[in-house]
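Inside the fold
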Amino acid sequence: MARKHREKIAAWYRPPEEVVCPLCSRPIPEDQRDEHHMVPKSRGGRETQTLHRICHRQIHALFSEAELETSYSSVEALLAHPDMAKFIRWVSTKPPGFFDGTRRSNRRRETGKPAARW
């Protein structure tokens, strides 16, 4: 009886589709998925995009919330930025589960203002 049940399950079961990061084009392991608000939630954004955790952290290390809202609210705009393009070229050579610490960019540090977090 158990064998028939397994055969029925095998007939309809479909493994979940692989999620691919729109920035680095690598498959995203389930433990490395982050939802990124294209326009920051604090500024009224609702649309989200599933990204690698390392790609998501790099976005927030490079750009302030104001910049994300006004200039970088799409994947195409993010990829057009030279620092982000350089990061994507580097990370696209890494395995899908790769994670490394992220540091705030010098460009954001030089402004002298702390990041608007709230």
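Refer to the preceding data block for the structure.
Here's what I pulled together on the structure shown here. None of the values given here were measured: they were computed from a predicted structure. (Residues numbered from 1 in each chain as written. Predicted model: local features only at pLDDT ≥ 70, side-chain atom pairs only at ≥ 80, totals over all residues. Heavy atoms only, no water.)

Right, let's get into the pattern of salt bridges. Inspection of every chain in the model, using the stated rule, returns two salt bridges. We note a salt bridge from Arg43 to Glu69, for which the minimum N-O separation is 3.0 Å. Highlighted residues: Arg43 in the loop between strand S1 (33-37) and strand S2 (48-52) and Glu69 in helix H3 (residues 65-70), separated in sequence by 26 residues. (Salt bridge = Lys/Arg side-chain N within 4 Å of Asp/Glu carboxyl O. Helix = DSSP H or I, 4+ residues; strand = E, 2+ residues; numbered from the N terminus.)

As used here, a disulfide is simply a covalent bond connecting the sulfur atoms of two cysteines. If you walk through the whole model with that rule in mind, you get zero disulfides. Looking at Cys55, it has no disulfide partner, and the nearest cysteine sulfur is the one in Cys24, 3.8 Å off. Residue classification places Cys55 among the buried positions, given a relative accessible area of 0%. (Disulfide = S-S within 2.5 Å. Buried < 20%, exposed > 50% of the residue type's maximum accessible area, 1.4 Å probe, protein only.)

A few words on the side chain of Thr50. Residue placement: Thr50 occurs in strand S2. At 2.6 Å, the side chain of Thr50 and the side chain of Glu35 are in polar contact. Filtering out sequence-adjacent residues up to four positions away, Thr50 remains in contact with Val19, Cys21, Pro22, Ile28, Arg33, Asp34 and Glu35. (Polar contact = N/O pair within 3.5 Å; in protein donor to acceptor, adjacent residues only side chain to side chain. Contact = heavy atoms within 4.5 Å.)

On to the packing of aromatic side chains. What the rule picks out here adds up to three aromatic pairs. Ring pairs connect the aromatic residues Phe87, Trp90 and Phe98, which therefore count as one cluster. (Phe/Tyr/Trp six-rings, centres within 6.5 Å; stacked < 30°, edge-to-face > 60°.)

Our focus in this paragraph is unusual backbone geometry. Phi angles above zero are rare outside glycine, and Ser25 is one such case at about 60°. Exposure remark for Ser25: the relative accessible area of 57% places this residue in the exposed category.

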